[in-house]
Amino acid sequence: MAKRRATYLCQECGAVYNRWMGKCEACGAWNSIVEEVGGDASASLPAALRSPRSKGRVFALEGLEGESKEPPRTPSGIAELDRVTGGGFVRGSVILIGGDPGIGKSTLLMQASAALANDGRRVAYISGEEAVGQVRLRAERMGLAGSPVELAAQTNVEDIIATLSEGAVPALVVIDSIQTMWTDTVESAPGTVTQVRASAQHLIRYAKTSGAAVILVGHVTKDGQIAGPRVVEHMVDAVASFEGDSAHHFRILRAVKNRFGPTDEIGVFEMTGKGLAEVANPSALFLEGRDTAAPGTAVFAGMEGTRPLLVEIQALVAPTALGTPRRAVVGWDPARLSMVVAVLEAHAGLKLGMHDIYLNVAGGMRVTEPACDLAAAAALVSSLSGAALPADSAYFGELGLSGAVRPVSQAPTRMKEAAKLGFSTAVIPALRGEADGATPLRSNVIGHITELVAQIAARGRHRNAASG
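As the structure is a computational prediction, the values presented were derived from the model and not from experiment.

Q: In this structure, what is going on with the overall build of the protein chain? I would like to understand it.
A: The secondary structure content of the protein chain amounts to 12 helices and 23 strands. Out of the 468 residues in the protein chain, the part that is buried amounts to 49%. Taking all contacts inside the protein chain whose residues are at least 6 apart in sequence as the whole, residues at least 24 apart take part in 66%. Within the structure as shown, the protein chain displays about 22100 Å² of accessible surface, and the carbon and sulfur contribution to it stands at 53%.

As structure tokens, this is what we get:
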């Protein structure tokens, strides 16, 4: 019998090498390459799939025309979770959920499992990290001990699938976590890339053949990315990221990929003593405790998927005592801050080169869309001039390198959310074919960054004149 060749796999990205290396050339991780005997992709396949066939089987091809039906869904009983998944769990789908340790992944999934089980559906919660007693203690603290959820502490995938195949098909199966699972079909140690990939393949095959919805919990790296091979993210139907900060009491579940619903959708939860509570009005939560009289703060009317969300952008511009000024950003892209600062210096004549600049998205929220450029610029100019912005104004708009303020999508939706929270003015670019009268807000149209700087400077002069 021929000796199986050892391969070397990166435990961060799944790249394969024929010899050991200190640094992975694919993802740049150090000391992440581990020797795995039989660690190639074919080793994780069943023998029936690895054996070559002499002749392929002819199958029928279909056209694009035809009746398409909405896939059947199972509501989870948690409205914010259903928003992220697109309306509920699709039968036979596999969802990968990642997040920092202790962020609340197991808490949320236990609540969803209890809600489905109380509705008369079969739900199985398989824990590979905790004993059954630990899971029961968590359920008792949350007041869910009476829910008929089937629990098990097991890590062998073959045993799990054999057990779940007995009796009725489960409506939901939670695997916590995929990094602890192992299968007999490969020889690698549990937690390695080969084992994670092979275990995920078996569980996905079970979901597709049985019709059960499967949720895989994944560990994350220090950078916040889901650990293990990225191929697992391509294999599953949906990927969700659980975000939050231990210093704040709310959590955000963000859809990164969804084959059966919208992406970039978010669900907002608040951590309480009884578990995670849904937040019906997240904009009011993020604006809670806002100091309207302080300079350097602007309210950004943003969009997260189909949900409008208002957050406070805080900026502090102060003279530096260092040779190189500091640029610190929390919750926003540092590259976009550098671009906004460069545009303010080049086209508005502001001297920011000898100032430290700090920018923060209040409440721990993370903003990714370019529409935040105008709000960030307004906060920076307000902090530099010492003039507070109007408390009833909301800002959104993309800033170009020429200093022009470009329109963004879904402007009426952003303005309606701002009007709902008591704002009366929207500082925005020119609307793109959208009716200005669609919302009760008064529009302050900004075509160039110099117009915004002039308006804020005028407020600063009026304030100084009134105080003098």
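Here the narrative resumes, following the displayed structure.
Q: Looking at this structure, how should I read the pattern of salt bridges?
A: Between side chains of opposite charge, a pair can form as their charged atoms come close. This structure, assessed with the given rule, holds 13 salt bridges. Where D119 meets R121, a salt bridge forms, and the shortest distance between an N and an O atom there is 3.5 Å. Take D119: its relative accessible area is 54%, and that puts it in the exposed class. Owing to a relative accessible area of 34%, R121 belongs among the partly exposed residues under this scheme.

Q: Looking at this structure, how should I read the packing of aromatic side chains?
A: Centre-to-centre distance and the angle between the planes together describe a pair of aromatic rings. Scanning the model with the defined rule gives two aromatic pairs in all. Consider the rings of F242 and F269, whose centres lie 6.4 Å apart with planes at 70°: the pair is edge-to-face. Here F269 lies in strand β13 (residues 266-272) and F242 lies in strand β11 (residues 238-244), a separation of 27 residues in the sequence. F269 carries the same exposure label as F242, and that label is buried. On the numbers, 4.8 Å between centres and 85° between planes, the contact of F250 with F286 is edge-to-face. In this pair, F250 sits in strand β12 (residues 250-258) while F286 sits in helix α8 (residues 282-286), placing the two residues 36 residues apart along the sequence. Above the face of the F396 ring, R414 is positioned so that its terminal group lies 5.5 Å from the ring centre.

Procedures and definitions
Residues numbered from 1 in each chain as written. Predicted model: local features only at pLDDT ≥ 70, side-chain atom pairs only at ≥ 80, totals over all residues. Heavy atoms only, no water. Helix = DSSP H or I, 4+ residues; strand = E, 2+ residues; numbered from the N terminus. Buried < 20%, exposed > 50% of the residue type's maximum accessible area, 1.4 Å probe, protein only. Contact = heavy atoms within 4.5 Å. Areas by Shrake-Rupley, 256 points an atom, 1.4 Å probe, with all protein chains shown as cover. Salt bridge = Lys/Arg side-chain N within 4 Å of Asp/Glu carboxyl O. Phe/Tyr/Trp six-rings, centres within 6.5 Å; stacked < 30°, edge-to-face > 60°. Lys NZ or Arg CZ within 6 Å of the ring centre and 35° of its normal.

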